[in-house]
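Chain by chain, the residues run as shown.
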Amino acid sequence: MKYIYSIDTLDAISMVTKSIVKHLQNNEKVLWLVSGGSGGKVSIEVARNLRNLDLSNLFVTLSDERYGPVGHTDENWQILINGGFEVTGATVYRPLIGVSRDETATQYSEWLTKTIKNTNHIIGIFGVGADGHTAGIKPNSGAINTSKYAIGYTGNDFERITITPTFIRLVDEAVVQVFGEEKHKTIQQLINEKVSITTQPAQILKEIQEVTLYSDYKKEA
């Protein structure tokens, strides 16, 4: 895991943009996992940078979603749209489709299965919570020990739909952005310790071949 000290998201935005553009220009098909929550700003700005490009080889979906009616107040996809997220020409998959939580997760997983068979590069934007979660994978949750690519479960805050560690292991490149003093202890542990993903799900990000972490945590030399 490559660590870069940063006080804002500009470097992360630049890195994701350059990677997607490079692979598209090489005529590769790219699956881009966008992020809601704290990663929403990065996703929105990268999408703006991709405007006026041929995005026919780009596939886009979320790493996780908050289950509920399509367009509900806390839906990550709706929040992105409200912020100006637009990838005209790309193939997009909005996880919420107006069916039960479990059926939503099943169809999400099936879309991921089908899509990765047709892509050359998977890049994801990830965040890390103070509790050590990443995507929608909370500590000690049912999302951890499953062979499925996506799962739905009841979290301590939302009904969640999320990719799983099984799918994260297939990701080729991850840009992780984590800001805020309340997360510094978690980042220190993530960088320096080997902890079970059951306790700190973000540890799974270390298994991705190419990972860059941007944070305002001042790592000791």
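Heads up: the structure comes first, above all this text.
In what follows, the accompanying structure is described. (Residues numbered from 1 in each chain as written. Predicted model: local features only at pLDDT ≥ 70, side-chain atom pairs only at ≥ 80, totals over all residues. Heavy atoms only, no water.)

## Some remarks on helix α4 (residues 101–116)
An ideal rise of 1.5 Å per residue puts 22 Å on 16 residues; α4 measures up with 23 Å between its terminal C-alpha atoms. Here α4 has its buried residues at T104, A105, Y108, S109, W111, L112 and T115. Buried positions in α4, seen along its axis, are confined to an arc of 160° and lie on one side of it. (Helix = DSSP H or I, 4+ residues; strand = E, 2+ residues; numbered from the N terminus. Expected span 1.5 Å × (residues − 1). Buried < 20%, exposed > 50% of the residue type's maximum accessible area, 1.4 Å probe, protein only. Arc of directions from axis to C-beta.)

## Quick look at the pairing of strand β6 (residues 121–126)
Most of β6 is tucked away, with 6 of its 6 residues classed as buried. Pairing between β6 and strand β9 (residues 173–178): 4 bridges, direction parallel. Directly across from F126, in β9, lies its bridge partner V176. (Pairing = 2+ DSSP bridges.)

## Let's talk about the sheet that holds strand β3 (residues 58–62)
Spatially, 7 strands are ordered β1-β10-β9-β6-β2-β3-β5 in an open sheet, and the strand pairing comes out parallel. Two strands lie at the open edges of the sheet, namely β1 (2–5) and β5 (91–93), each paired on one side alone. Across the sheet, the axes of successive neighbouring strands diverge by a mean angle of 15°, strand direction being ignored. Across the sheet, helix α2 (residues 40–49) is in contact with β2 (30–34), β6 and β9; its angle to β2 comes to roughly 140°. With respect to the sheet, helix α6 (residues 184–192) is in contact with β1, β9 and β10 (210–215), its orientation differing from that of β10 by roughly 150°. (Axes fitted to C-alpha atoms, helices over the stretch in contact; angles between N-to-C directions. Contact = heavy atoms within 4.5 Å.)

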